[in-house]
Amino acid sequence: MTGVYPVPTTRTSDLLGQVRLLSQLHQDQIDILRYQSQISTGRRLLVPSDDAPAALRGMALQRLLELKAQAKVNLNTTQSYLDAADSSINGVSTLLNEVKAIALGVMTTTTTETARAAAAEQVRRTIEQLANVGNQNFRGRYLFAGARTTQLPFEMVEKHVLYQGNEGDLFSFADIDLPYASNVPGSEVFGTFSPGVRGTVDLNPVLTRQTPLSELRGGTGVTQGSIAISDGTTTSIIDISAAATVGDVADLIAANPPAGRTVVARVSATGLIVDIDDAGGGNLTVREVGGGTTAAELGILSPLGTGTNEIVGADLNPRLRLTTPIGSILGSRAIAFLDSGGANNNLVVEARQPGVALNGVAVQYVDDGMLHASPGLVPGSETAAFSTTAVAARAALSLSGFGNNLLLTGGAVGTGVNNVRIEIVAAGAIGNAATANYNGATRTLTLGVDAANATQTQTLVNAINAEGTFTAAYDPSDPIDGGYNPAAAVQATDAGVVRGNTGNSGGNANTVFVFVDPGGTTANQALAALQADATIDGLFETRLEGTDTTSDLAAGNGPIDVGVSAATEGGSGEALDLASGIQIQTGGITYTIDLSMSQTVEDLLNTLNGSPANVVAEIDSAGERITIRTRLSGADFSIGENGGTTASQLGVRSLTADTTLAELNYGRGIHTATGSDFTIRRKDGVALDIDVDGAQTLGDVLDLINGHPANLDPATNVVAQLARFGNGIELIDDNTAVGALEVERAFLSEAAYDLGLVPRGGTLATATPAVSPTAGLAFPPPNDLNTAMQLAATTAGTAFNGVEIVFQDTLVGNVASVSYNGGLNRLTVSLDSAATTANTVLTAINADGTFTAALDTAIDPTNDGTGIVGTVGTVGTAAGGEPAQFQGTDPNPQEVAGVFNSLIRLHEAIANFSLAGIQRAVARMDEDFQRVNFARAEIGARGRSLESLNDRIEDEQIQLKSTLSNEIDTDLTDAISKLTAQQAILEATLRLTAQTFQLSLLDFL
C-alpha cells in the first residue's frame, strides 16, 4: 500500500496533498450538514439516494398506509349506512306486532263493523308508514333501493305498492382486495318480489361456432389444455389454450392434422364432429395429453378410435346467454354440407326453422349435360329445383347419325339406378337385333348392337324396354338431330365408348337437385341457383362454408364436384311462436306483451322488463331457463297465453297441466267432498259428473273431463283444456245442439270454486253461447246498389266456417234456387244473372234453411233488395263461427312474498270480513316478521364484522408506521453521536490542513 487517503504518506506533490485535504474538508462539512438535517427534520432519508433500498421499502409502506387510511374511511362510511338502515327498520317489527294484534282482535264474528273499519284504516296507515320507512334517504342515497341509489324504492300505486329498486349490492373496499356490501336491498327487509315463475323448459341453446368455451357444459367451461389426434400411425398435438370459441377449436383441429392427412372439424347443433379423409385409411383417435381432461370436456375423447368414420362429439350443453338468438333456444335446424374436393367450393344448406320436418332432405349435384342430347347448360346458367315426390334417374344416349338420340329413364323412381354407366358393344352379326343387360354389381347397362350397323334405333329401344331396368324414348332436345327416325341405324363405331351415365339424376321424395356443368360450375354459381329458386330459398338458408375459404377473394370460386350429394340432419325441437306474444295479468289489468321483434334473449328480456306489467325477467342462475317475477305487492300475478303457445314454449306459463292441485289458491289446494264435486252439462243436455278425488295435477282434472265415459264421441263431446287466452280451465262445446253449456257445483264440495269454474258463493256458471258464422255479400258496380246482403248460418258453432257461397247462372228469369253440399262445404245459388234480384236470392236462401239472409243496410242505407245481382262464381265465404265456450278464472295466481303484500291482503280481508283471508294474512306476517328480524341480525353481524376490521386496520397502521419509522426516521441518539464524532474529525482535518499549508522548504532541511 503506497498511502492512506486522504493524507498521503509517500512522496507526492504539495498540490496533490492540498487538493486531497480540501476534499476531505468538504466531505466532513457535508456529513455534518447531513447529520444536522437528520436531527432537525427527524428523517434519516432526505432523498432516495441516501439509501435506495430503504427508500423503496419506505415508499411501499407509505402507499400501504394510504390504502389502509382509505379503507378506514370506507369502513366508517359503510358503518354509517348500515347504522342508518338499522335505525330505519328498528320499529318495523313493533309495527308488525301491533298490526297482528289488531288482526287477531277482529277475527271474531262479534266484531262490529265500526271496529273492523277502524282496524282496516290502521292497517292502511301502517302500509303508508312502512313505505315511508322504505324510502329513507341517507347521505344522498336511498337505503333500500338496492343498486338504484337515486331511485325512490317504494311507490303507492292505488292500493298496491310497487318496488322500483333492485336486489343489487353496493360494495366498497373495507380492506385491500376485500369488497364489503354497504347496503341492504329492500327485498331482503320487506320482501318485494314474487317467488317467480321459473321456466319449466330447459332452453338449451344451439351450439354455434361463436359460442365461447367458457359457456359450455352449463357454464363450467372447458380446460384449455392440449389434445392428441392420431390416424393410428402419426399423431398431432393440438394446443387449444389460445382458443376462445368452439369455432376456434374446430379451426385448430382442421389446421393441425396428422402429417399427410386431412381432418375436417365442424360444429354441429350440439357438439363437435371430427372426421379424417377415408383415402389414407388408419384409425382416427382423440386422446388426452398427459393427465389432461380437455378432450373429454370437448366431448370428442375417443382413445379406441373410429377407423375412418367420424367422431360425433357429446352434447356440450352451452349456457343460455343474453346474446343467444331466439331462433336457437328451442331446437336446432337441419343442415347438410356439400363437400367438394379442394378449397373454396363447399356449400352449406340449412333449414330456416328448427324442427325435424326438414331432416332427411337430399341435396344432389346433377350433370345437366347427361340429361339430354343437346348441349348442357353453360356456367352461370345453373338451376335448382326441390321435388317433394321421388324422381326417376335419367341419362341421354347420344348416338352417331341423325334421328336416333335416346333418353333413358329408370323404371322405378328414386336413387336405385343413379350412377349407372351405359355402354354399347358390338355383338357380332346379329342383324337388326339388339341386346340389353343390366349388371347391378357394376351398375352398368350394356347394349349390344350389330357389328355391321344393321341394328335399327327402334330395335334398340325395344330391347332396352324389354330388359326393364330403364325405359327408352326418343330425345328431341337436339334440334339438329332431325326428328325421330325409328329405322336409323345404330353405328357399330359407337361400341366401346361409355355413351351415358345417370349420375345423381334420380332422387327420393324431398330432394333438392342442383343442375350444373361439371368442371365449369363454381360454388358461387351453384349457390346462386339455390338462392334463385323461391321454394328452396323459402325453406333453406344456403351459404358458402366459411372454414373452406383460403381467402375472401377466392371464396366460392372453386369448382364443385358433380358427384357430391348430402342429406340434411340434426333438426330438432320447434320454432318459438313470437307472433302471438303472452298475457301478463297483474293488479287486475291484463297486459299483452308483443315479442315479435325479439332477435335475442336480451331483446326478449328487455321487452318484458320494459313493459308496464311491472315484472322482472332474467336468466336463472343455472343459465338454463327464464324466470319472471312481479314487483307489485298486493296484486295477483299470472302469465298466460295470448292465443298461441309462446308462454308454454318459454316455460313461463304460471298455470300448466303439471301444476299440482296442492299449489292452487296460494297453496291452499282444493276442497272436495265424497262423490261428485261438480257437474258439466253439455249443450245436448248430457250431464258429466266429475269426481276429482285422486287427481294430483290440473292435467288429471282435464283428463277426467275429456275421458268421461259419456264424453267420448267427437261429434258431441265437450273439450276441457287450458285457456287459449290468459289462464284457467277452458271448456269448449261445438255441439250443434241448441242448449247451454253449464257447470254446476255439487253440494258440500268447493272443488268448482277452487278450480275457478264457478264464482264463489254461486252454484251455477253458464258458458258464452255459440256464435254463428256469417258472410257479407257485396257486389261490384254496376250491381252494387240494392243488392248487398248478410248471411248467417242457422246452426251456431264452427261447423259452417269456411262454407263458400257460389252463384251460378243456370236459370232464366227472376228466380233462384239454393242447395247446400256438406262434402264440398259449399252453398250454391242458381239464378239468372241478368234478371234475379237480391230479394229473390234472400227468399231462396231462407227457404233452404242452412243460412238466413237479410239485406245489408250498413253499407247501402237505401237498400231495398230490388237490384239485379248480376254476379257469378264465389261471392263470399262464411267465417267467424265460435263454439259455446266457458273459461274459468285462474286458480293459481302468484303474489309477492313480503310485508306490503301481507298488509294489503290483510286490509282487504278485514274490509270484506273474510276470516280465511285474515288468517292467511296473519300467517304470512309471521314470515315477514322473521324476514325483518333476519335482516336486522344481518346488519348487526356486518356491524360487528366492520368493528373487527376497523380494530385490525388500526393495529396494522401502528405496525406499518413503526416499520416505516425504522426505514426512514432518524435515530437521534445515533445521529447526535455521529455528529459529535464528525465535528471532531472536522476539527482534526482543519488542524492538519493548516499545518500542511504552513510548511516550507526549510521544514525539510
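Keep in mind that what you see is a predicted model, and the values were worked out from it rather than measured.

### Regarding the overall build of the chain
For the chain, the helix and strand inventory stands at 19 helices and 48 strands. A globule of 1005 residues ought to have a C-alpha radius of gyration of about 30 Å, yet the chain, at 46 Å, is considerably larger. If one aligns the C-alpha atoms of the chain with their principal axes, the spans along those axes are about 160 × 110 × 60 Å. By residue count, 45% of the 1005 residues in the chain fall in the buried class. Accessible surface, the chain as shown: approximately 45400 Å² in total, 53% of it carbon and sulfur.

### Comments concerning the nonpolar core
Counting residues in hydrophobic clusters, the biggest one holds 50 residues, and the most contacted among them are F190, L903 and L906. Sorting the residues of this core by element identifies α2 (52-88), α3 (92-105), α4 (113-134), β4 (160-163), α17 (899-912) and α18 (915-968) as the ones contributing at least two each. Among all residues touching L903, those that are not within four sequence positions of it are L96, V99, V123, T126, I127, L130 and M925. Counting residues in hydrophobic clusters, the runner-up holds 31 residues, among them I690, L698, V701 and L702.

### Observations regarding the packing of aromatic side chains
What the rule picks out here adds up to twelve aromatic pairs. Here F154 and F900 contribute two aromatic rings whose centre-to-centre distance is 5.0 Å and whose plane-to-plane angle is 45 degrees, an arrangement assigned as tilted. Note that F154 is positioned in strand β3 (residues 154-157) and F900 in helix α17, a separation of 746 residues in sequence. Looking at F900, the relative accessible area reads 0%, which means it is buried. Through a chain of ring-to-ring contacts, the aromatic side chains of F144, F154, Y163, F190, F193 and F900 assemble into a single cluster. For the cation-ring pair, R141 lies above Y81, with the distance from its terminal atom to the ring centre recorded as 3.7 Å.

### Description of unusual backbone geometry
In this structure, P782 follows P781 across a cis peptide bond, with omega equal to 5 degrees. Along the chain, P782 falls in the loop between β41 (774-777) and β42 (789-793). The phi dihedral of N317 is positive, around 45 degrees, even though this residue is not glycine. Along the polypeptide, N317 turns up in the loop between β13 (311-312) and β14 (335-338).

### Quick look at the sheet that holds strand β16 (residues 362-367)
Judged by pairing direction, the sheet is mixed, and its four strands sit side by side in the order β17-β25-β16-β27 without closing on themselves. Of all strands in the sheet, those bounded by a partner on one side alone are β17 (383-387) and β27 (565-567). Each strand axis lies, on average, 20 degrees off the axis of its neighbour in the sheet, ignoring direction.

### Things to note about the pattern of salt bridges
In this structure the tally under the stated criterion is 42 salt bridges. Of the charged contacts in the structure, one is a salt bridge between R124 and E121, with a shortest N-O distance of 2.6 Å. Of this pair, R124 and E121 are both found in helix α4, three residues apart, which corresponds to roughly one turn of the helix. A residue is classified by how much of its surface remains accessible, and R124, at 30% relative accessible area, is partly exposed.

### Here's the deal with helix α19 (residues 972-998)
Taking 1.5 Å per residue, 27 residues should reach 39 Å; α19 reaches 39 Å between its end C-alpha atoms and fits that length. Along α19, the positions that sit buried rather than exposed are A975, L979, Q982, L986, T989 and T993.

### Focus: helix α14 (residues 698-706)
Within α14, burial applies to L698, G699, V701, L702 and I705. One side of α14 holds all its buried residues, which, seen down the axis, span an arc of 155 degrees. Against the buried residues of α14 lie β34 (678-681), β35 (687-690), β36 (718-722) and β38 (729-733).

### A few points about the pairing of β34
Judged from the four bridges that link them, β34 and β35 form a sheet pairing that is antiparallel. Following the sheet pairing, I680 is matched in β35 by L688. Linking β34 back to β35 in an antiparallel pair, the connection comprises five residues, with G685 at a positive phi of about 90 degrees.

### Re the environment of T471
In this structure, T471 sits in strand β23 (residues 470-474). With 166 residues separating them in the primary sequence, T471 and F637 have C-alpha atoms 70 Å apart. Leaving out residues up to four positions away in the same chain, T471 has contacts with L407, L408, T409, I464 and N465.

### A closer look at the packing of α4 against α17
When two helices pack together, their arrangement is given by the angle between the helix axes and by the axis-to-axis distance. Running from N to C, α4 and α17 cross one another at 160 degrees; their axes reach a closest spacing of 9 Å. On the basis of their axis angle, the class for α4 and α17 is roughly antiparallel. For the crossing formed where α4 meets α17, the hand is left-handed. In contact with R116, A119, A120, V123, R124, T126, I127, L130 and A131 of α4, α17 contributes V899, F900, L903, I904, L906, H907 and I910. Among the residues making up the contact of α4 with α17, the classes are represented as twelve nonpolar, two polar and two charged.

### Comments concerning the side chain of N727
Looking at where N727 falls in the secondary structure, it is placed in the loop between β37 (725-726) and β38. With relative accessibility at 7%, the residue N727 sits in the buried group. A polar side-chain atom of N727 sits 2.8 Å from the main-chain carbonyl oxygen of I639. Engagement of the side chain of N727 in a polar contact is seen with the side chain of R653, the distance being 2.8 Å. What N727 contacts, discounting residues up to four positions off in sequence, is S638, I639, G640, R653, S654, L655, Q887, G888, T889 and D890.

### Considering the packing of α2 against α18
Where α2 meets α18, the closest approach of the two axes is 9 Å, and the angle between their N-to-C directions is 160 degrees. Looking at the two axes, α2 sits roughly antiparallel to α18. Here the hand of the crossing between α2 and α18 comes out left-handed. Considering only residue class, the contact of α2 with α18 consists of 16 nonpolar, nine polar and ten charged.

### Examining the environment of V106
By secondary structure assignment, the location of V106 is in the loop between α3 and α4. On the basis of relative accessibility, which here comes to 4%, the residue V106 falls in the buried class. If we ignore the near neighbours within four places in the chain, the residues touching V106 are T111, A115, R116, A119, I910, F913, L915 and I918.

### Some remarks on the sheet that holds strand β48 (residues 884-887)
Whether parallel or antiparallel, the strands of a sheet pair through hydrogen bonds between backbone atoms. On the basis of which strands lie adjacent, the open sheet formed by three strands has the order β36-β38-β48 and antiparallel pairing. With partners counted over all chains shown, the strands left at the sheet margins are β36 and β48, one partner each. The sheet shows a mean angle of 20 degrees between the axes of neighbouring strands, direction not considered. Alignment of β38 against β48, held across four bridges, turns out to be antiparallel. If you follow I732 over to β48, its bridge partner there is Q885. Sitting on the sheet, α14 is in contact with β36 and β38, with an inclination near 170 degrees to β36.

### Thoughts on a negative patch on the surface
On the surface, D83, E947, D951 and D955 cluster together into a patch of negative charge. If you tally residues by element for the negative patch, the top one is α18, at three residues. Counting through the fold element by element, E947 comes out in helix α18.

### Details of the confidence of the model for the chain
Per-residue confidence for the chain gives a mean pLDDT of 90; residues scoring 70 or more make up 97%. Confidence drops under a pLDDT of 50 for residues 1-5, and excluding neighbours within four residues, the segment shows six contacts in the predicted structure.

Procedures and definitions
Residues numbered from 1 in each chain as written. Predicted model: local features only at pLDDT ≥ 70, side-chain atom pairs only at ≥ 80, totals over all residues. Heavy atoms only, no water. Helix = DSSP H or I, 4+ residues; strand = E, 2+ residues; numbered from the N terminus. Rg over C-alpha atoms; globule rule 2.2 N^0.38 Å. Buried < 20%, exposed > 50% of the residue type's maximum accessible area, 1.4 Å probe, protein only. Areas by Shrake-Rupley, 256 points an atom, 1.4 Å probe, with all protein chains shown as cover. Core = buried A, V, L, I, M, F, W, Y, C linked by side-chain atoms within 4.5 Å. Contact = heavy atoms within 4.5 Å. Phe/Tyr/Trp six-rings, centres within 6.5 Å; stacked < 30°, edge-to-face > 60°. Lys NZ or Arg CZ within 6 Å of the ring centre and 35° of its normal. Pairing = 2+ DSSP bridges. Axes fitted to C-alpha atoms, helices over the stretch in contact; angles between N-to-C directions. Salt bridge = Lys/Arg side-chain N within 4 Å of Asp/Glu carboxyl O. Expected span 1.5 Å × (residues − 1). Arc of directions from axis to C-beta. Parallel < 35°, antiparallel > 145°, perpendicular 65-115°, else oblique. Left-handed = near helix turned anticlockwise from the far one by under 90°. Nonpolar A, V, L, I, M, F, W, Y, C, P; charged D, E, K, R; others polar. Polar contact = N/O pair within 3.5 Å; in protein donor to acceptor, adjacent residues only side chain to side chain. Patch = residues over 30% accessible without salt bridge, like charges linked within 9 Å, V, L, I, M, F, W, Y side chains within 5 Å. Lys, Arg positive; Asp, Glu negative; His and termini not counted. Charge placed at Lys NZ, Arg CZ, Asp CG, Glu CD. pLDDT = per-residue confidence, 0-100.

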